[in-house]
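A closer look at the structure
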Amino acid sequence: MKYVKVLGPGCKRCQATEAMVSAEATRLGVAVSVEKVTDYAAIAGYGIMSTPGIVIDGKVVHAGGVPKTEDVAKWLSV
C-alpha cells in the first residue's frame, strides 16, 4: 500500500489533485491511503511553499499546481 498525502488548503486545484491520485490508483490497481493535509504548519514542515503538494510514502514528489496525469501514474507505479 502507498501512503499519499495531498497538501493544500482545500482549493479546487487541491481537490482536483486528490481526485486524480485516487483515479490513477484505481486505474493502476494500486492500493493507496490518501490523506488531505490542510494545516499550514504541517505543509511548511515538508518544505512546500506552493500548493498543492503530493507526498508519497514520506517523500515529496510534487509541489505547485495540478500535476500531469502521467506523472501521478509514474509516482504510484514506483
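First, a word on scope: everything that follows refers to the structure included in this document. Keep in mind the model is a prediction, meaning the values are calculated, not measured.

Reading the values: the criteria
Residues numbered from 1 in each chain as written. Predicted model: local features only at pLDDT ≥ 70, side-chain atom pairs only at ≥ 80, totals over all residues. Heavy atoms only, no water. Helix = DSSP H or I, 4+ residues; strand = E, 2+ residues; numbered from the N terminus. Buried < 20%, exposed > 50% of the residue type's maximum accessible area, 1.4 Å probe, protein only. Contact = heavy atoms within 4.5 Å. Polar contact = N/O pair within 3.5 Å; in protein donor to acceptor, adjacent residues only side chain to side chain. Pairing = 2+ DSSP bridges. Axes fitted to C-alpha atoms, helices over the stretch in contact; angles between N-to-C directions.

**Section: the environment of Leu7**
- Mapping Leu7 onto the fold places it in strand E1 (residues 2–7).
- Looking at Leu7, the relative accessible area reads 0%, which means it is buried.
- Taking the C-alpha atoms as reference points, Leu7 and Arg27, separated by 20 residues in sequence, lie 22 Å from one another.
- Contacts of Leu7, omitting those with residues within four sequence positions, involve Cys14, Val37, Ile43, Tyr46, Ile48, Thr51, Pro52, Gly53 and Val55.

**So, the side chain of His62**
- Position of His62 among the secondary structure elements: in strand E4 (residues 59–63).
- In terms of polar contacts, His62 uses its side chain to reach the backbone carbonyl oxygen of Gly65, at 2.6 Å.
- Apart from residues no more than four positions distant in its own chain, His62 is found in contact with Ile48, Pro52, Gly53, Ile54, Pro67 and Trp75.

**Description of the sheet that holds E4**
- The strand order across the open sheet built from four strands is E2-E1-E3-E4, with neighbouring strands paired in mixed fashion. Unpaired on one side and paired on the other, strand E2 (32–37) and E4 mark the two borders of the sheet. Taken pair by pair, the neighbouring strands of this sheet meet at an average axis angle of 20°, ignoring direction.
- In this sheet, E2 lies alongside E1 in parallel orientation, the contact comprising six bridges. Directly across from Val4, in E2, lies its bridge partner Val34.

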